Amino acid sequence: MIKKIMAEKKKLNRMFYYLKEISIRNKIVVYMSLFMVLAFSILTGYSYRKSYENIVQNTYNTLLNVTKQNSRNLNDIFNIIDNTAIGFASTEIMSKWLNDSSYLNVDAPDFFIKKDKLSTQIRTSLLFNNAWELKLITTVSIFIDGTYIDSIYIQPVPIENIKKQVIRANEYIEKNRLYEEGRLPTLYDGTIYHAKKLLNPQNPKKTVTFLVGTKQSLIAKKYEELVYSGEIAGYVINKQGTILSSSNQAVIGQKVDSEMIKAIDYKRIRQIKIKDKQYVAAYQPIRDNGLIFVVVVPKSSIVHQTIESMKSYMAMYLLIVASLIAGGLMVAIRSTAFLKDLAICISSIRQKNYDSEMPKYNDKGLDNLSNTFNSMTREIKYLIKDTYEKQLLLKDMQIKFLQHQMNPHFLFNVLLTIQMKAKFSQDESIYKMVNSLTALLRAGIYTEKDSKVTLKQELEYVEFYLYLQKVRFEDRMDYTIQIEDKGLLNCYIPKLCIEPITENAVIYGIENKVDCGHITIKIYQEKEDLWIEVIDNGTGFDTEKLLQEVSESREAETPKHSRIGINNTNERIKLIYGMKYGLEINSIIGEGTVVKIHLPIDKERVPYV
């Protein structure tokens, strides 16, 4: 086998060599011959395609017309049944009940006489009804004020069986509020029910319900002739996709595939994919009843029938195409070998192997491509190793430095508060203060393992701090926390981005205030942004002076302590999320300060970089 392949390869090599060496005249002859073969193949393929499309389209049109006809027939059948249910309202007993809501009182002594008269009148009306004669209607059941009264049925069946079934059906329809959908037929336990519920005009709480039942198998027989093959399925479905009737009894009551619902189109045949298999579907509305008649045919069945009628034509076509494909593959493989090398190199780079290089070719154009690609990989390697990784490291170090810088400041103020209280007070509050501080430390507020925490966790840190300060200031300070939506508590924010702002509000706003100070924390969402406002009614400050202090602190070898929480928090937020986010400060001397923290809605804990 291998020897044979080698021999064929040698023949091909000799042929290509001959073509290379032959005269220009012979080359023109050869190329023209190839062109004619190609043109003939295209013409043959085009003719085949048009013939195939015409046959398929004719099949589709036939299927669509048959579906339309069956849809109209089903619509007429359902209308007959539905009109029968409506007609019951015109009986003598029902007319009297409509004029007198107490006429059909189940507790009245003469109720059973009236019930028998109503049943007799309904039986009489059914004797002259086409649906009853054609056996489309199998049962008619009566409910008064939701209580089962009687059933009329076409075949002798134990009354208890019918009673149990229609009671369950009525409970199902009432529970799912199907009456509110109008007169849509409802499937229950293999029976299609047309429900007509009458409300007494004088007392809407008084009702009479007629359930007209039809075995779905009787409906299916009306379109069974459409199913000329076991592969074709017909369905009657409602708008929710529940199968009320089908030529396939096993699927009654189930829901059709969602793709079948999405593809509904009453004007043309649609192609759908269900469980990796292609189907052709024809849809037609059963308009007066809010239902849809669907016929589904495997596309392979239509394709098979079409191909069977074109076998000889297809054999010639496939022979031509196979010849063209074989020749095209051989040429493509030889002339596009560089693409394989390019794909291998790109895949290698994707796996972060930046030493991968394309080989040299004996072709000027391909060698230019190879050199350009190799130069690109070397530049990428330089950028990633020598530039990008360094920037990532620098940014990460800066974030950690800013976060560590705040921790001693907060701890110092808490310890100072505890020392002052221990000196001037000897009561149970000292225990609570120490307990709150212990909770802060246990929560890991100074650890580095979590760069972000949930808003709920951050507010716990803030409340620990505010409790300690409230104990310190006693009646001179109070606070409230307002959250617009409790769902925001699950958002992630940078750790210690609210507490430093709260701390500044206490130290620089409330601490120097003579009368009672109040701090309010408001949390709300605007579009895709999270806003946190820290508001105090303290002494306020000059915002321009604050900016100058921050600038001087950066230039100094030993940074000043003033307003360090606000500055660091603002820089940290911008480093994490970008320049769009950060702090907005509005302060009026003598009235108070509002600091707004602007963050994106962050539902996932992700790294800074």
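Owing to the predicted nature of the structure, the values given are computational and were not obtained by experimental measurement. (Residues numbered from 1 in each chain as written. Predicted model: local features only at pLDDT ≥ 70, side-chain atom pairs only at ≥ 80, totals over all residues. Heavy atoms only, no water.)

Q: Help me understand the packing of helix α14 (residues 455-473) against helix α15 (residues 499-510) in this model?
A: Packed helix pairs are specified by the crossing angle of their axes together with the interaxial distance, meaning the distance between the axes. The geometry of α14 relative to α15 is characterised by a closest axis approach of 9 Å and an angle of 15° between their N-to-C directions. One finds that α14 runs roughly parallel with respect to α15. Crossing hand, α14 versus α15: right-handed. Facing α14, whose interface residues are E458, V462, Y465, L466, Q469 and F473, α15 presents E499, T502, E503, V506 and I507. A per-class count over the contact of α14 with α15 returns six nonpolar, two polar and three charged. (Axes fitted to C-alpha atoms, helices over the stretch in contact; angles between N-to-C directions. Helix = DSSP H or I, 4+ residues; strand = E, 2+ residues; numbered from the N terminus. Parallel < 35°, antiparallel > 145°, perpendicular 65-115°, else oblique. Left-handed = near helix turned anticlockwise from the far one by under 90°. Contact = heavy atoms within 4.5 Å. Nonpolar A, V, L, I, M, F, W, Y, C, P; charged D, E, K, R; others polar.)

Q: Explanation requested: the sheet that holds strand β3 (residues 186-188) in the structure shown.
A: Strands in a sheet are paired, the pairing made by backbone hydrogen bonds, and the direction either parallel or antiparallel. An order of β2-β1-β5-β4-β3 is seen for the five strands of this open sheet, with the pairing classed as antiparallel. Edge positions in the sheet fall to β2 (147-153) and β3, since each of these pairs with one other strand and no more. Taking each pair of neighbouring strands and ignoring which way they run, the sheet shows an average axis angle of 30°. Both strand β1 (residues 139-144) and strand β5 (residues 207-215) contribute to a ladder of six bridges, which runs antiparallel. Counterpart to F143 in the pairing with β5 is T209. Of the strands in this sheet, β4 (191-199) and β5 touch helix α3 (residues 92-99), which is tilted by about 145° from β5. The strands that helix α6 (residues 159-175) touches are β1, β2, β3, β4 and β5; relative to β2, the one it contacts most, it runs at about 125°. (Pairing = 2+ DSSP bridges.)

Q: What exactly am I supposed to notice about the sheet that holds strand β12 (residues 477-483) here?
A: Spatial strand order, β12-β14-β15-β17-β16: five strands in an open sheet with mixed pairing. Across the chains shown, the open sheet's two edge strands, defined by having one partner strand only, are β12 and β16 (582-588). Direction aside, the axes of adjacent strands within the sheet are offset by 10° on average. Strand direction decides the pairing type here: strand β15 (residues 529-536) and strand β17 (residues 592-600), joined by eight bridges, are antiparallel. Opposite I535, over in β17, you have V594 as the bridge partner. Helix-sheet contacts for α14 involve β12, β14 (517-526) and β15, and the interaxial angle to β12 is about 165°.

Q: It is not clear to me how the confidence of the model for the chain should be interpreted in this structure. Could you clarify?
A: Regions with low pLDDT should not have their predicted coordinates read in detail. Per-residue pLDDT for the chain has a mean of 77; in total, 72% of the residues score no lower than 70. Summarising per-element confidence for the chain, the mean pLDDT is lowest in helix α13 (residues 429-442) (60) and highest in β15 (95). Here residues 445-449 is modelled with pLDDT under 50, and outside its nearest four sequence neighbours on either side it reaches 10 contacts, counting other chains as well. (pLDDT = per-residue confidence, 0-100.)

Q: What should I look at first to understand the packing of aromatic side chains in this one?
A: Taken as a whole and assessed by the stated rule, the structure comprises four aromatic pairs. Note that K114 overlies the ring of Y103, its terminal NZ or CZ placed 3.8 Å from the centroid. (Phe/Tyr/Trp six-rings, centres within 6.5 Å; stacked < 30°, edge-to-face > 60°. Lys NZ or Arg CZ within 6 Å of the ring centre and 35° of its normal.)

Q: So what exactly am I meant to see when it comes to the pairing of β15 here?
A: Two faces, one strand: in a regular strand the side chains alternate between the faces of the sheet. With respect to burial, β15 is a largely interior element, seven of its eight residues being buried. Bridge analysis of β14 against β15 gives eight bridges, and the strand direction is antiparallel. Bridge pairing links E526 to D529 in β15. Counting the residues in the hairpin turn of β14 and β15 gives two residues, including K527, whose phi is positive at 60°. (Buried < 20%, exposed > 50% of the residue type's maximum accessible area, 1.4 Å probe, protein only.)

Q: Sorry, what's going on with α14 here?
A: For the α-helix, the turn length of 3.6 residues means that residues three or four positions removed from each other point alike. Counted at 1.5 Å a residue, the expected span for α14 with its 19 residues is 27 Å, and the 26 Å between its end C-alpha atoms agrees. Taken together, the buried positions of α14 are occupied by L455, E458, L459, Y461, V462, Y465, L466, L468, Q469, V471 and F473. Just past α14, the residue E474 takes up positive phi, approximately 55°. (Expected span 1.5 Å × (residues − 1).)

Q: Is there a simple way to think about α15 in this case?
A: Here α15 lies mainly inside the structure; 11 of its 12 residues are buried. Among all positions of α15, only E499, P500, I501, T502, E503, N504, A505, V506, I507, G509 and I510 are buried.

Q: Please explain the pattern of salt bridges as it appears in this structure.
A: When the charged atoms of two side chains lie near each other, side chains of opposite charge can form a pair. For the coordinates displayed, the defined rule picks out 13 salt bridges. In this structure, D145 engages K206 in a salt bridge whose closest nitrogen and oxygen atoms are separated by 3.7 Å. With D145 in the loop between β1 and β2 and K206 in the loop between β4 and β5, the pair connects residues that are 61 residues apart, well separated along the chain. Judged by relative accessible area, D145 falls into the partly exposed class, the value being 30%. Note that E357 and R378 form a salt bridge whose closest N and O atoms lie 3.3 Å from each other. (Salt bridge = Lys/Arg side-chain N within 4 Å of Asp/Glu carboxyl O.)

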